Amino acid sequence: MLGLKLPTDPRWVNIVEKNIEEILTDHAFCEQKATSTAISLIVSFPEYTELVQEMIELVKEEMSHFKMVHDIILERGYNLGRDRKDDYVVQLLKFFPKGGSRTTQLVHRLLYAALIEARSCERFRLLSEELQDKKLASFYKKLMISEANHYTMFLGYARQYGDRKEVDNKWQDLLEYEAQIMKNLGNKETVHG
């Protein structure tokens, strides 16, 4: 369903289990960045009323996810660590050229957001199925469903606002590019790394 060209090696979960505190901190900041992305889309594209309404709801949802992860961090006696650079996202954002029409810029941002949500969904599925910690596995199963909805929502808006054939071609090209990025990732206890 997600269309990802290179699935995550399930052994990634073994890396995660060795440092749950690290994945939780990284995950918390991923939720915060998702919130920031939704706010940025509102600020940058206020004339897209339907998108703005959807992003308002997304901001609320992503912040509630941030709180849920932060609560787990506190329950386990950890502190929220510092944010760190997300190498996956940094590399991904190099794919589309800068500039272009406002519509092109919007479509590119929506496609990036869709792919990040798709990869998060795939990683959360792995965590929900493979983590030994059943409480955490259950938590990730719930979030996996939410991430899948976000992925389809962003991709749907990209197709709505751009030329469908062109958007679908860009999506496939972006998926291929992302698969190349993923060949060098999957060795850290981070959501995308």
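As a starting point, this report considers the structure included with it. Residue numbers restart at each chain and count upward from 1, following the sequence in its written direction. Where totals are concerned, whole chains, interfaces and linings use all residues; where local detail is concerned, this predicted model gives features only for residues with pLDDT of at least 70, and gives and counts side-chain atom pairs only at 80 or more. Values reported for side chains reflect all heavy atoms of the structure, with hydrogen atoms and water molecules removed beforehand.

As for the overall build of the chain
Okay, so step 1: Each helix and strand counted, the chain has seven helices and zero strands in total.
Okay, so step 2: Listed by position from the N terminus, the elements making up the chain come as α-α-α-α-α-α-α.
Okay, so step 3: In this description the radius of gyration comes from C-alpha coordinates, and the expected globular size is given by 2.2 Å times residues to the power 0.38. Here the chain has a C-alpha radius of gyration of 16 Å; the compact-globule value for 193 residues is 16 Å, and the two agree.
Okay, so step 4: Taking the principal axes of its C-alpha atoms as reference, the chain extends roughly 45 × 35 × 25 Å.
Okay, so step 5: Burial status follows relative accessibility: with a 1.4 Å probe on protein chains alone, a residue under 20% of its type maximum counts as buried, one over 50% as exposed, and anything between as partly exposed. Per-residue burial over the chain gives 48% buried out of 193 residues.
Okay, so step 6: Taking contacts inside the chain between residues at least 6 apart in sequence as the whole, the part at least 24 apart equals 82%.
Okay, so step 7: Accessibility throughout is a Shrake-Rupley quantity obtained with a 1.4 Å probe, and a residue counts as covered only by protein chains that appear here. Approximately 9,600 Å² of the chain is accessible, and the part contributed by carbon and sulfur atoms is 53%. Numbered from the N terminus, helices here are DSSP runs of H or I no shorter than four residues, and strands are runs of E no shorter than two. In what follows, residue pairs with any heavy atoms lying within 4.5 Å of each other are defined as contacts.

Here we look at the side chain of Asp26
Okay, so step 1: Among the structural elements, Asp26 can be located in helix H2 (residues 20-44).
Okay, so step 2: Here Asp and Glu are counted as negative and Lys and Arg as positive; His is not counted, and neither are the chain ends. A side-chain nitrogen of Lys or Arg and a carboxyl oxygen of Asp or Glu constitute a salt bridge if their distance falls within 4 Å. For the buried Asp26, no salt bridge is present, and the opposite-charge side chain at shortest range is Arg84, 4.9 Å distant.
Okay, so step 3: Residues within four places of Asp26 in sequence aside, it is in contact with Arg84, Thr190, Val191 and His192.

Some words on the layout of surface pockets
Okay, so step 1: Quantified by volume, the largest pocket comes out at close to 710 Å³.
Okay, so step 2: A cavity here means a set of points on a 1 Å grid, drawn over the protein atoms and nothing else, where a 1.4 Å probe fits but cannot get out; a pocket is an open set with protein on both sides within 12 Å along at least five of seven lines, and a residue lines either one if it has an atom within 4 Å of a point. Every residue lining the largest pocket is counted, 26 residues in all, and those nearest its centre are Thr37, Val89, Leu93, Tyr112 and Ile116.
Okay, so step 3: Secondary-structure elements contributing two or more residues to the lining of the largest pocket are H2, helix H4 (87-92), helix H5 (102-130) and helix H6 (134-161).
Okay, so step 4: Take the lining of the largest pocket: its biggest share by element is nine residues, from H5.
Okay, so step 5: All residues other than Ala, Val, Leu, Ile, Met, Phe, Trp, Tyr, Cys, Pro, Asp, Glu, Lys and Arg, Gly among them, are scored as polar; the first ten of these are nonpolar and the last four charged. Of the residues belonging to the lining of the largest pocket, the class tally is 12 nonpolar, six polar and eight charged. Grid points are joined across faces, edges and corners, and a volume is the space filled by probe spheres set on the points.

A short note on the packing of helix H3 (residues 49-75) against H6
Okay, so step 1: To get an axis, a line is fitted to the C-alpha atoms, and for a helix only the part in contact is used. The angle between two axes follows their N-to-C directions and goes from 0 to 180 degrees. Put simply, H3 and H6 touch, their axes get as near as 12 Å, and they point 160° apart. With respect to their mutual orientation, H3 and H6 come out roughly antiparallel. Crossing geometry of H3 relative to H6 is assigned as left-handed. Residue-level inspection shows Glu50, Leu51, Glu54, Met55, Leu58, Glu61, Glu62, His65, Met68, Val69, Ile72 and Glu75 of H3 in contact with H6, the latter providing Lys135, Leu136, Phe139, Leu143, Ser146, Glu147, His150, Met153, Phe154, Tyr157, Gln160 and Tyr161.
Okay, so step 2: Residue classes in the contact of H3 with H6 are distributed as 13 nonpolar, four polar and seven charged. For classification purposes, an angle smaller than 35 degrees is called roughly parallel, one larger than 145 roughly antiparallel, one from 65 to 115 roughly perpendicular, and anything else oblique. A clockwise turn of the near helix away from the far one marks a right-handed crossing, whereas an anticlockwise turn of less than a right angle marks a left-handed crossing.

Focus on H5
Okay, so step 1: Here the expected length of a helix is defined as 1.5 Å per residue gap, with one fewer gap than residues. Across its 29 residues, H5 extends 42 Å between first and last C-alpha, which sits within 8% of the 42 Å expected from 1.5 Å per residue.
Okay, so step 2: In terms of burial, H5 is a largely internal element, 21 of the 29 residues being buried.

Comments concerning the environment of His27
Okay, so step 1: With respect to the element layout, His27 can be found in helix H2.
Okay, so step 2: Residues His27 and Asp83 lie 56 residues apart in sequence; the distance between their C-alpha atoms is 10.0 Å.
Okay, so step 3: With near-sequence residues (within four places) excluded, His27 lies in contact with Val69, Phe124, Phe139, Tyr140, Leu143 and Val191.

Comments concerning H3
Okay, so step 1: Taking 1.5 Å per residue, 27 residues should reach 39 Å; H3 reaches 39 Å between its end C-alpha atoms and fits that length.
Okay, so step 2: Three or more residues of H3 are buried, namely Leu51, Val52, Met55, Leu58, Val59, Glu62, His65, Phe66, Val69, Ile72 and Ile73.
Okay, so step 3: Summarising the contacts, the buried residues of H3 are in contact with H2, H5 and H6.
Okay, so step 4: Backbone geometry just after H3 places Gly77 at a positive phi near 80°.

Keep in mind these numbers describe shape, not what the thing actually does.
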